[in-house]
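# Topology and contacts: notes
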Amino acid sequence: MTSTSKGLSTQKSLEIKTKSIETTLVPLVTQISTLVNFKEKPRSSSTTNEKTLNAINRVGEAVHMAVERFVSVGETIGNENPEIKSDLTDACREARTAGEAIKRITCVEYDTLGKPVCVSDRYSMVQAARGLLSAVTRVLLLADMVVVKQIISIKKKVISTLNRLEGVMSFSDFVKVFGVYGNQMVDLAHLTGDRQNDLKDERRRSQLSASRTILEKSTMLILTSSKAYLRHTDCLHSRKCRDLVYGQVRRALDMVQLIVYDSGSTTLNTTPTLTLLLAKNEINFVKSLRQFEYAVEMLNASSTSTTKEQLEQLCNTTIDNSQDFTDSIYISIEQREKVLEYHKKLHEQLDDIIKLISEKQNETLTVAIQTIQQVAREFRQQLEQMAMLRASEFFRTHDESVLLNELKTYSLTGRTDLLLESIDRFREQAEIAIELSKLLRHISSCDQLQVSSEYHEMIIESTQSLAAYPNSRVAKENLDVICRFWEQQINDFSVLVKEIQDFIEGRGEKSVYLSLPRPGKHGTTSKAGFKPSKLDSDEQAKIAKVGLEMKLVTAEMDAEAEKWDDPQNEIAKRAKNMSSMAFSMYLFTRGEGTLRTTQDLFTQAYYYVEEGTRLAAIIQEFANQIPNKASRQEILVQLDRIPLMCHQLKLKLKTPALTKAATFSKVDAVICETRDLMNIVSRLCSIVFICQSKYNIIDYRPTAPTNPPTHSRPPLSASKRSVLYRAASIEQNDRFDNKPERSFRSSSLQRPSNYLPAFDHI
């Protein structure tokens, strides 16, 4: 029980955020899977020949030798990096111990007659495999921090050179330092580019891409703005323009540092300013509304899943994130009043829900949850309409190229009065674009939807600098470069706005930056011509580690279930059935078994949820018969987690996935949720077994009736059976009943896929 709890906690701390670590683990996962599968069932010398045993022995030795080489490299890395040496040494020691255990378990032994004997020790193999997988993953994550360290080191050098660059007062010195700065930026670009491609999180990749784009453009701006300032050191506008460029570079470097820190495996010393910077970029209306909707949806599973304070906080956060719409001077009074009205509706509906929870009116609570969900959907649609209407007006009434040409012309001709008027119009247009980008980020979660406020300030300062020195070639060059970057930014902005509008209206696919669905072969909704498919080899490799972890959990669950004396025990039967379902899902991650497509997997997971719900109810009845309060409370604490985790898995299954990437993410999420739930079930069954033995609770449920079901079907042939286990008989309307008189049929029945009920577009 302790090992299971430890394994569950380490899964959260050993989160893999890079693709390279996943790829590195694939060969090890494959070899461990071979060994665990061989040890799954007891074998004797009569059923296993010497050739097979020697092959398994070679695999065990290969794993051991590979671990030894791997550990040697890890220890070398630790010696070269003192800050991670202690943790890395501990992880290497654990990996070496687990590798030696696997070699010992897979060794070939001989009986007195000289025949090879396979010593079946499944539990030891599972424990050694889990320990090895965890230790190797930890080593890789710690070694990955060396890459993080390299990027941060280069970033610090760039900052140092940038400070030197800002302090030079002659053009010859500037050229020397700028050459160093350019070389360092090339190194940083290569490292951050590799890191960007290696990140699994699409949002983090998008954020890093945006920061790298700013740094790339700013290199040219540093050159032109510094040349203009060094040529006209007495011009205040030239200095302000240069300072704006340097400030933009520093903020982009800080964002790169924070994203790289976040992609590492451990928490390094980050300043509060950087933490707030990343948190600020992730706050938007869509995200907060989804969190609120999820918390409300979880009330369907348990009215105590979210506290009153948490619901109120999530609701207030959602409302606060919509304040940009009510505070915007470009939003009409009527639209602002509509937003405020939705604020009031959300508060009123939430108050009703909290009141119903306190009064335990569960039937009325369901209706109230549906009502507040409808209000939340209408609220989101209202903000989408407001933002898109404002965007349409902006691009219809503004032409940045015309206004920029006016600024250049009036600066060169010295027409100060007309220049000031054009500057005012340009400033107003830029402020509208910045405000619009802020509103659209609230409804799209797109990091590229950010119009830089620095560019328009740079244009204004460089325009006035050129007006003061109309014959200056460097001042004109600086203005041309900044204007070109501004036009590029507005053009990119307009493309993204068009894609958002198409998606909202259901006409287009997602952009590469947005987390919006795009139709694809891996979709799981019922559409004309849609055919669910299997995972390809690359996807199987990515999900191999999670699949193996679930495999190891099912092995532990089977070992735990074997302790029960009564083969008809309902808890043991249900737990074994869940383990069988989880094992079939594990086989799917390897491209094996009879779960052929992603739709089969999601259907199996749905039945897995049903079985988990039934198991929780049976254990609840068992817990009520335990005389000791402390033991009963220990079971109930773990038991309360099962309904919530089942509901979470069901929500994952209902998430639409239309693209190949989205479907793979859904598969990954479903496998992870199944693994975590299986961990809880295994741990809970261990406690139940101890309590049953201690308090001698026997036959606490009536036996199943012997009468056959009314609508029975003929038995299925083995060739037509599927591993899509139905959690309860479909012929009977086997809806769960908490009454103790209700008897349960064995849920290990197998049904062909054409017997499966239709879902609401899983």
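Remember, predicted model here, so these are calculated numbers, not experimental data.

### As for the overall build of the protein
The secondary structure content of the protein amounts to 24 helices and 2 strands. Expressed as a percentage of the 762 residues in the protein, the buried residues total 49%. Once local pairs closer than 6 in sequence are excluded, the contacts in the protein between residues at least 24 apart make up 78%.

### Digging into the environment of Phe 426
You can see Phe 426 is positioned in helix 16 (residues 416-444). A sequence separation of 34 residues divides Phe 426 from Ile 460, and the C-alpha atoms of the two residues are 8.5 Å apart. Those residues within four positions of Phe 426 in sequence are excluded, and the remaining contacts are Leu 403, Leu 404, Leu 407, His 456, Ile 459, Ile 460 and Trp 486.

### A closer look at the nonpolar core
Membership of the largest hydrophobic core comes to 97 residues, with the highest contact counts inside it found for Tyr 181, Ile 222 and Ile 459. Considering every element that reaches this core, the biggest residue donor is helix 14 (residues 362-397), with 13 residues. If we ignore the near neighbours within four places in the chain, the residues touching Ile 222 are Leu 162, Leu 165, Phe 174, Phe 178, Tyr 181, Val 245, Tyr 246 and Val 249. Val 553, Phe 602, Leu 653 and Met 678 belong to the second largest nonpolar core, which has 54 residues in total.

### So, the packing of helix 21 (residues 598-624) against helix 22 (residues 629-639)
A pair of packed helices can be characterised by two numbers: the angle between their axes and the separation between those axes. The N-to-C vectors of helix 21 and helix 22 enclose an angle of 165°; their axes lie 10 Å apart at closest approach. Judged by the inter-axis angle, helix 21 sits roughly antiparallel to helix 22. Between helix 21 and helix 22 the crossing geometry is left-handed. The segment helix 21 lies against helix 22, with Ala 616, Ile 619, Gln 620, Phe 622, Ala 623 and Asn 624 engaging Arg 632, Ile 635, Leu 636 and Leu 639. Looking at side-chain class alone, the contact of helix 21 with helix 22 contains 7 nonpolar, 2 polar and 1 charged residues.

### Describing the packing of aromatic side chains
Counting across every chain of the model gives 11 aromatic pairs. When the ring of Phe 174 is compared with that of Phe 178, the centres are 5.4 Å apart and the planes differ by 20°; the resulting orientation is stacked. Linking Phe 174 with Phe 178, this pair stays in helix 6 (residues 171-198), spanning 4 residues, or about one helical turn. Given the relative accessible area of 1%, Phe 174 is considered buried. Consider the rings of Tyr 342 and Phe 379, whose centres lie 5.5 Å apart with planes at 15°: the pair is stacked. Taken as a pair, Tyr 342 in helix 13 (residues 333-359) and Phe 379 in helix 14 lie far apart in primary sequence, 37 residues in all. In this structure, Tyr 342 and Phe 379 share a single accessibility class: buried. Connected via pairs of aromatic rings, a cluster forms that spans Phe 171, Phe 174, Phe 178 and Tyr 181. Against the face of Tyr 229 rests Arg 242, its NZ or CZ located 4.5 Å from the ring centre.

### Some words on the pattern of salt bridges
Per the stated rule, a full pass over the model turns up 28 salt bridges. Arg 242 is the salt-bridge partner of Asp 243, the closest N and O atoms lying 3.5 Å from each other. For Asp 243, a relative accessible area of 31% corresponds to the partly exposed category. Taking the relative accessible area as the measure of exposure, Arg 242 reaches 3% and is therefore buried. Sharing partners across several salt bridges, the network here consists of Glu 570, Lys 573, Arg 574 and Glu 611.

### Details of helix 15 (residues 400-413)
One turn of the α-helix equals 3.6 residues, which is why residues spaced by three or four share an orientation. In this model, helix 15 (14 residues) spans 20 Å end to end at C-alpha, consistent with the 20 Å of a helix rising 1.5 Å per residue. Positive backbone phi, at 75°, marks Gly 414, one or two positions downstream of helix 15.

### Examining the confidence of the model for the protein
Per-residue confidence for the protein averages 77 on the pLDDT scale, and 78% of its residues sit at or above 70. Here helix 1 (residues 2-13) stands out as the element of the protein with the lowest mean pLDDT, 42, in contrast to helix 6, whose mean of 92 is the highest. A low-confidence stretch, residues 508-530 stays under pLDDT 50, and its non-local contacts, those more than four residues away or across chains, total 67 contacts. Counted against residues more than four places away or in other chains, residues 702-762, with its pLDDT under 50, gives 104 contacts.

### Regarding the side chain of Gln 196
Here Gln 196 lies in helix 6. With residues up to four places along the chain from it excluded, the contact list for Gln 196 reads Arg 205, Leu 208, Ser 209 and Arg 212.

### Quick word on the packing of helix 22 against helix 24 (residues 660-695)
Between helix 22 and helix 24, whose axes approach to 10 Å, the crossing angle comes to 160°. Our classification of the angle between helix 22 and helix 24 gives roughly antiparallel. The handedness of the crossing between helix 22 and helix 24 is left-handed. Here Ser 631, Glu 634, Ile 635, Gln 638 and Leu 639 of helix 22 come into contact with helix 24, specifically with Ile 680, Arg 683, Leu 684, Ile 687, Val 688, Cys 691 and Tyr 695. For the contact of helix 22 with helix 24, the class distribution of residues is 8 nonpolar, 2 polar and 2 charged.

### A few points about helix 11 (residues 308-321)
The terminal C-alpha atoms of helix 11 lie 20 Å apart, and with 14 residues this matches the ideal 20 Å at 1.5 Å per residue to within 8%. Looking only at helix 11, the buried set comprises Leu 311, Cys 315, Thr 318, Ile 319 and Asn 321. Contact partners of the buried residues in helix 11: helix 10 (285-298), helix 12 (323-327), helix 13 and helix 16.

Procedures and definitions
- Residues numbered from 1 in each chain as written.
- Predicted model: local features only at pLDDT ≥ 70, side-chain atom pairs only at ≥ 80, totals over all residues.
- Heavy atoms only, no water.
- Helix = DSSP H or I, 4+ residues; strand = E, 2+ residues; numbered from the N terminus.
- Buried < 20%, exposed > 50% of the residue type's maximum accessible area, 1.4 Å probe, protein only.
- Contact = heavy atoms within 4.5 Å.
- Core = buried A, V, L, I, M, F, W, Y, C linked by side-chain atoms within 4.5 Å.
- Axes fitted to C-alpha atoms, helices over the stretch in contact; angles between N-to-C directions.
- Parallel < 35°, antiparallel > 145°, perpendicular 65-115°, else oblique.
- Left-handed = near helix turned anticlockwise from the far one by under 90°.
- Nonpolar A, V, L, I, M, F, W, Y, C, P; charged D, E, K, R; others polar.
- Phe/Tyr/Trp six-rings, centres within 6.5 Å; stacked < 30°, edge-to-face > 60°.
- Lys NZ or Arg CZ within 6 Å of the ring centre and 35° of its normal.
- Salt bridge = Lys/Arg side-chain N within 4 Å of Asp/Glu carboxyl O.
- Expected span 1.5 Å × (residues − 1).
- pLDDT = per-residue confidence, 0-100.

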